[in-house]
Amino acid sequence: MSSAEMVRGSMVHGNLTVIQPPFTSDTAGFPVHDPGRAAAFAASLSSVDAVLEDLGPRSAVNPPVFSTLADLDIVHAGAWGNVLAVCDPAFVSDGGDNPLLGEATALRGRFPDARIVGRVETHCGATRTEDLVWLPDGTMFHAAGWTGDEPFVVSGDPAAVLAALGMTQKDLDNNDDLVTFIDLDDDPNLIEWGVFAGLALGAADPWGVPGLNLSALRVRHTESATADMEDTYFIGR
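### Regarding the nonpolar core
Grouped together as the largest cluster of nonpolar side chains are 68 residues, with contacts concentrated most on Leu 16, Val 18, Val 86, Ile 116, Val 133, Phe 196 and Tyr 233. With 6 residues, helix H5 (residues 193–201) is the largest single contributor of residues to this core. Discounting residues that sit within four places of it in the chain, Ile 116 has contacts with Leu 16, Thr 17, Val 18, Ala 104, Leu 107, Arg 108, Leu 132, Val 133 and Trp 134.

Take a look at the structure:
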């Protein structure tokens, strides 16, 4: 298939963030981005065969923009001290599987003391999300499905995650900083889990922070990841 094949789906979020202790990091105090560590982190992903080229710094404000198959091989990765982050179009799924959960499971084995947070939102005919929060003690939740539709599958214990983060539903109710109101008693397909994931990152959330840069990397994805992206982004149809 030609690398010039057009992409018809789009990605709003497709990121994983790993915060190693301490969990008090704030983007305002992040150390200088380390391109070497960022590239090594991207190369370690199960969706990536190799990092081919460092394309230079990119703003953390926007996810990679793609219009062709070749564009899907651009991964954004950041390394700031105890915080690692990566945005990969291969984390997106059309519902056949949950690649974000698979990658987070691999990272859990490599970073057992870390807080791992992932967010995916894609528009491929309809909106599909996949979100997770996984804490060092094993407390976690994973939510995936089509927004406003069934089935929407939630595993783990979102309320236990909230409690482990030192919050309650009352705290959410009174949080004026939340763009979207979150009520864990709502139907799962109506909850904006990505906002919940953002709460777990707190001040260390690097995504969308003006003035914060990370590395744009051209990678060679695995054959399976490439095939899944071709399906997800309607390539060749």
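### Some words on the pairing of strand S6 (residues 127–134)
In summary, the side chains of a regular strand alternate between the two faces of the sheet. The buried fraction of S6 amounts to 7 of the 8 residues, a majority that puts the element mostly inside the structure. Across 8 bridges, the pairing between strand S5 (residues 115–123) and S6 is antiparallel. Bridge assignment links Ile 116 to a residue of S6, and that residue is Trp 134. From the end of S5 to the start of S6, which pair antiparallel, there are 3 residues, and Gly 125 there has a positive phi angle of about 90 degrees.

### What to know about the confidence of the model for the protein
Mean pLDDT over the protein works out to 88, with 92% of the residues at or above the 70 mark. Taking the mean pLDDT of every element in the protein, the minimum, 76, falls on helix H4 (residues 169–173) and the maximum, 98, on helix H1 (residues 35–43).

### Quick look at the side chain of Arg 108
Along the chain, Arg 108 turns up in helix H2 (residues 99–110). One buried charged residue, Arg 108, remains without a salt bridge, the closest side chain of opposite sign being Asp 113 at 6.5 Å. Among all residues touching Arg 108, those that are not within four sequence positions of it are Asp 113, Ala 114, Ile 116, Trp 134, Leu 135 and Pro 136.

### Section: the sheet that holds S6
Strand order in the open sheet made by the 9 strands is S2-S9-S3-S4-S1-S5-S6-S7-S8, with antiparallel pairing throughout. The sheet terminates laterally at strand S2 (48–59) and strand S8 (152–156), the two strands that pair on one side only. Each strand axis lies, on average, 15 degrees off the axis of its neighbour in the sheet, ignoring direction. Of the strand pairs in this sheet, S2 and strand S9 (residues 213–221) are connected by 9 bridges, and their pairing is antiparallel. Paired with Asp 54 across the strands is Leu 217, a residue of S9.

Definitions and cut-offs
Residues numbered from 1 in each chain as written. Predicted model: local features only at pLDDT ≥ 70, side-chain atom pairs only at ≥ 80, totals over all residues. Heavy atoms only, no water. Core = buried A, V, L, I, M, F, W, Y, C linked by side-chain atoms within 4.5 Å. Buried < 20%, exposed > 50% of the residue type's maximum accessible area, 1.4 Å probe, protein only. Helix = DSSP H or I, 4+ residues; strand = E, 2+ residues; numbered from the N terminus. Contact = heavy atoms within 4.5 Å. Pairing = 2+ DSSP bridges. pLDDT = per-residue confidence, 0-100. Lys, Arg positive; Asp, Glu negative; His and termini not counted. Salt bridge = Lys/Arg side-chain N within 4 Å of Asp/Glu carboxyl O. Axes fitted to C-alpha atoms, helices over the stretch in contact; angles between N-to-C directions.

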